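# Topology and contacts: notes
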Amino acid sequence: MAVLACSVALSCAPPVHAQQSTELRGTLSDTRPASAAPPPVAAGPEAEEGLSPRPYEPVSPGALETVDDSENLGLLGVPVEGVVPSGPADDSGGTEPRSTLPADDVATPAERPARRTEDAALDTVRENAPAEVEQPYLGAVEQDREANPAERRADRDNLPASAIERRVLRPDPQPFAPLGIRAGVVTLRPSISQGLRATTNADNSADGDSAVLSETRLRLRADTDWSRHSAWLDFDGTYDKSISGEEYSAPNAALRAGFQLDLGERTTVTGTAGYRYRQEDPSAPTAILGTSNRPGVQELDADLGVRHEFGKFFADVKGSVTRTTYGNAEFSDGTVISQKDRDNTFASIALRGGFEMSPAIKPFVEVEIGKLLYDESVDFNGYRRSGVRTALRGGVELDLGEKTSGEIAVGYLRQGIDDERLEDVDGLSVDAALKWSPQRGTDVDIGLLTRVEGATAPEDSGSIYYEGTVGVKRQVRANLDLNAKLIASLRDNRDGSGLDKGFGAEIGATYWFNRFMGLDVSARHQLNRSEVDSRRTDETSVYVGVTLQR
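Calculation criteria
Residues numbered from 1 in each chain as written. Predicted model: local features only at pLDDT ≥ 70, side-chain atom pairs only at ≥ 80, totals over all residues. Heavy atoms only, no water. Helix = DSSP H or I, 4+ residues; strand = E, 2+ residues; numbered from the N terminus. Buried < 20%, exposed > 50% of the residue type's maximum accessible area, 1.4 Å probe, protein only. Areas by Shrake-Rupley, 256 points an atom, 1.4 Å probe, with all protein chains shown as cover. Salt bridge = Lys/Arg side-chain N within 4 Å of Asp/Glu carboxyl O. Core = buried A, V, L, I, M, F, W, Y, C linked by side-chain atoms within 4.5 Å. Phe/Tyr/Trp six-rings, centres within 6.5 Å; stacked < 30°, edge-to-face > 60°. Lys NZ or Arg CZ within 6 Å of the ring centre and 35° of its normal. Contact = heavy atoms within 4.5 Å. Pairing = 2+ DSSP bridges. pLDDT = per-residue confidence, 0-100.

## Concerning the overall build of the protein chain
Counting its regular elements, the protein chain contains three helices and 21 strands. Here the protein chain holds 550 residues, and the buried ones make up 27% of them. Surface accessibility of the protein chain: about 36100 Å² in total, with carbon and sulfur atoms responsible for 57%.

In structure tokens, the structure reads:
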């Protein structure tokens with residue numbers, strides 16, 4: 001219908017013969033000089049946008065006369081110089097109504113070339129290209145992914161901020177260790193154990209009998225947390241009481257305290273003090289036979305030392321005082337024998353000098369001189385037992401951090417006696433206190449001790465006593481501890497009775513239910529061998545108890 005309406009409108013319009021004249025559609029070369037340039041073409045909206053103007057094409061076919069201008073075009077469709085192709089002007093943008101022509105006089109527009117000349121040239125290039133070369137696609141530009149990466153979703157930049165103080169929960173390396181009681185700068189760690197011990201020799205004597213003992217043990221440890229100095233206190237008390245079998249009762253208590261003051265970078269002051277109460281060993285040479293009790297022995301000691309370092313060298317001076325008293329011996333018939341003549345005081349001073357081979361190894365040499373004074377200048381047998389003690393030792397201090405620490409010393413010890421009827425007591429001196437940790441969770445304590453023991457019997461100068469201990473503690477699990485201990489002793493008697501030998505072994509375990517309660521089990525065996533019958537002992541015992549700690 002739209003086409004029919006357009007045809008009727010064109011038929012009714014007045015004829016325009018000027019557009020119908022064929023002379024106007026010829027070439028302009030007949031009337032225009034060759035040097036004249038073609039008139040400028042006004043740029044339309046499409047030309048402003050960078051696009052070539054679209055040639056006019058009438059809607060009705062045959063409206064324009066067909067004119068073949070291909071003769072006037074060059075190789076690539078460019079007009080020959082000086083020749084302007086003819087054709088109708090594009091007046092589609094005008095406002096005047098378009099005139100119509102009769103149907104017979106309507107010119108048919110010339111057919112456009114099927115393909116542009118430049119396209120034909122490109123096809124020729126493609127056909128002549130080698131077969132192995134990929135034909136480039138010229139109509140589109142390949143996207144460079146490195147220079148122009150594809151868009152992706154941007155990362156979030158409004159993440160929630162973390163807390164300034166974040167609480168990090170870390171596992172406790174010792175979940176069953178005691179927490180202690182805080183009292184200012186001091187931390188107290190008390191514990192109490194209660195159990196039953198079944199033994200084959202209640203008093204560890206040559207003629208002892210079996211018994212079941214109630215054993216109570218109280219321990220207390222106190223430490224300070226000063227930034228520079230330090231102080232500590234230890235208490236360990238045990239009380240055994242028989243509930244069946246041989247009648248036996250034995251208290252044993254030890255209290256010890258110490259401090260360390262750092263006076264500058266190279267000067268250190270240390271001090272310790274202690275008290276101990278025990279019952280005399282019935283297998284000792286000085287024990288009185290046939291008593292109904294075991295006399296008590298009290299020891300009180302203190303020492304003070306100053307250490308100063310001079311470059312690689314160091315010097316140490318220490319003073320010590322020990323006070324020992326003995327209780328009375330009682331017999332079943334009521335007889336009491338005083339042992340006041342055995343009470344004595346020993347005071348000594350030791351000088352030590354050494355060289356620092358490395359921070360872990362420091363060899364030293366030590367000289368000690370002291371005086372042993374008895375309260376009674378003459379004992380009940382008429383002997384003067386006071387005298388001067390001298391010692392010369394050489395050793396090494398070890399400090400390998402958590403692996404090994406302590407010291408060991410070997411030398412010569414001599415205890416003089418004022419009474420000429422008695423010989424001096426002298427011999428090898430071996431002392432050591434080492435802590436060794438072969439691996440985490442395993443601690444080994446090694447101790448060596450040498451001491452001079454006095455005597456009360458006539459013509460008896462005394463003896464030298466040696467003792468060595470090795471204790472091992474292994475933490476199998478956080479709540480299970482295994483422990484073992486070996487003890488060996490040797491007493492060199494100067495009364496002609498030879499050597500007294502002792503040996504002991506103990507194993508045990510502690511299972512902790514929590515930080516405050518644990519179950520203890522242990523077993524031990526100890527024996528003494530001597531040429532004197534009264535000094536031979538043998539004892540085996542088993543212990544089961546509960547420990548409470550804080």
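## Section: the pattern of salt bridges
With the rule as written, the count across this model stands at 35 salt bridges. Between arginine 189 and aspartate 223 there is a salt bridge, with the nearest N and O atoms lying 3.7 Å from each other. Here arginine 189 is found in strand 2 (residues 186-199), whereas its partner aspartate 223 is found in strand 3 (residues 211-224), with 34 residues between them in sequence. Taking relative accessible area as the criterion, arginine 189 reaches 33% and is therefore assigned partly exposed. Looking at aspartate 223, the relative accessible area reads 21%, which means it is partly exposed. Glutamate 397 serves as the salt-bridge partner of arginine 352, at 3.0 Å between the closest nitrogen and oxygen. Here arginine 352, found in strand 11 (residues 344-355), pairs with glutamate 397, found in strand 13 (residues 387-399); they are 45 residues apart in sequence, far enough to count as distant. A network of salt bridges, in which partner residues are shared, links Arg307, Asp316, Arg352, Glu366, Glu368, Arg393, Glu397, Glu407 and Asp431.

## Remarks on the environment of valine 532
Considering the arrangement of structural elements, one finds valine 532 in the loop between strand 20 (517-529) and strand 21 (537-549). Exposure remark for valine 532: the relative accessible area of 25% places this residue in the partly exposed category. In the structure, valine 532 is positioned 35 residues away from serine 497 in sequence and 7.1 Å away in space, judged by C-alpha atoms.

## A short note on the nonpolar core
In this structure, Ala391, Leu413, Val425, Val452, Ile464 and Tyr466 together form the largest nonpolar core, which totals six residues. Formed by five residues, the second largest nonpolar core is a distinct cluster that contains Ala202, Ala211, Leu213 and Tyr248.

## Structural notes on unusual backbone geometry
Positive phi, close to 55°, is recorded for asparagine 204, a residue that is not glycine. Examined against the element boundaries, asparagine 204 turns out to sit in the loop between strand 2 and strand 3. Unusually for a residue other than glycine, glutamate 459 sits at a positive phi of about 60°. If you trace the backbone, glutamate 459 turns up in the loop between strand 16 (442-453) and strand 17 (463-477).

## Here's the deal with the packing of aromatic side chains
Under the defined criterion, the tally for this structure stands at two aromatic pairs. Their ring planes at 80° and their centres at 5.4 Å tell us that tyrosine 511 and phenylalanine 513 sit as a pair that is edge-to-face. When its relative accessible area of 46% is taken as the criterion, phenylalanine 513 is described as partly exposed. Positioned above the aromatic ring of tyrosine 326 is the side chain of arginine 342, whose terminal nitrogen or guanidinium carbon lies 3.9 Å from the ring centre. Here arginine 389 stacks its cationic end above the ring of phenylalanine 346, 4.2 Å away from the centre of that ring.

## A few points about the environment of valine 470
Tracing the chain through its elements places valine 470 in strand 17. Residues within four places of valine 470 in sequence aside, it is in contact with Val444, Asp445, Ala484, Lys485 and Leu486.

## Brief notes about the pairing of strand 21
Of the two faces of strand 21, the one lined by Thr537, Glu539, Ser541, Tyr543, Gly545, Thr547 and Gln549 is fully buried and the one lined by Asp538, Thr540, Val542, Val544, Val546 and Leu548 carries no buried residue. Examined bridge by bridge, strand 2 and strand 21 share nine bridges and lie antiparallel to one another. Along strand 21, the bridge assignment pairs glutamine 194 with valine 546. As defined by bridge partners, strand 20 adjoins strand 21 across twelve bridges and the pair is classed as antiparallel. Within the sheet, the bridge partner assigned to alanine 523 lies in strand 21 and is valine 542.

## Some details on the pairing of strand 17
Note: strand 16 against strand 17, twelve bridges, orientation antiparallel. Counterpart to aspartate 445 in the pairing with strand 17 is glycine 471. With 14 bridges joining them, strand 17 and strand 18 (residues 480-493) adopt antiparallel strand pairing. Each bridged residue has a counterpart across the sheet, and for glycine 471 the counterpart in strand 18 is lysine 485. Hairpin connection from strand 17 to strand 18: two residues lie between these consecutive antiparallel strands.

## Regarding the confidence of the model for the protein chain
Overall, the prediction assigns the protein chain a mean pLDDT of 80, with 71% of residues at 70 or greater. Contacts for the low-pLDDT stretch residues 86-106, under 50 throughout, to residues beyond four places or in other chains number 31 contacts. Contacts from residues 137-141, a stretch scored under 50 in pLDDT, to residues over four places away or in other chains number one contact.

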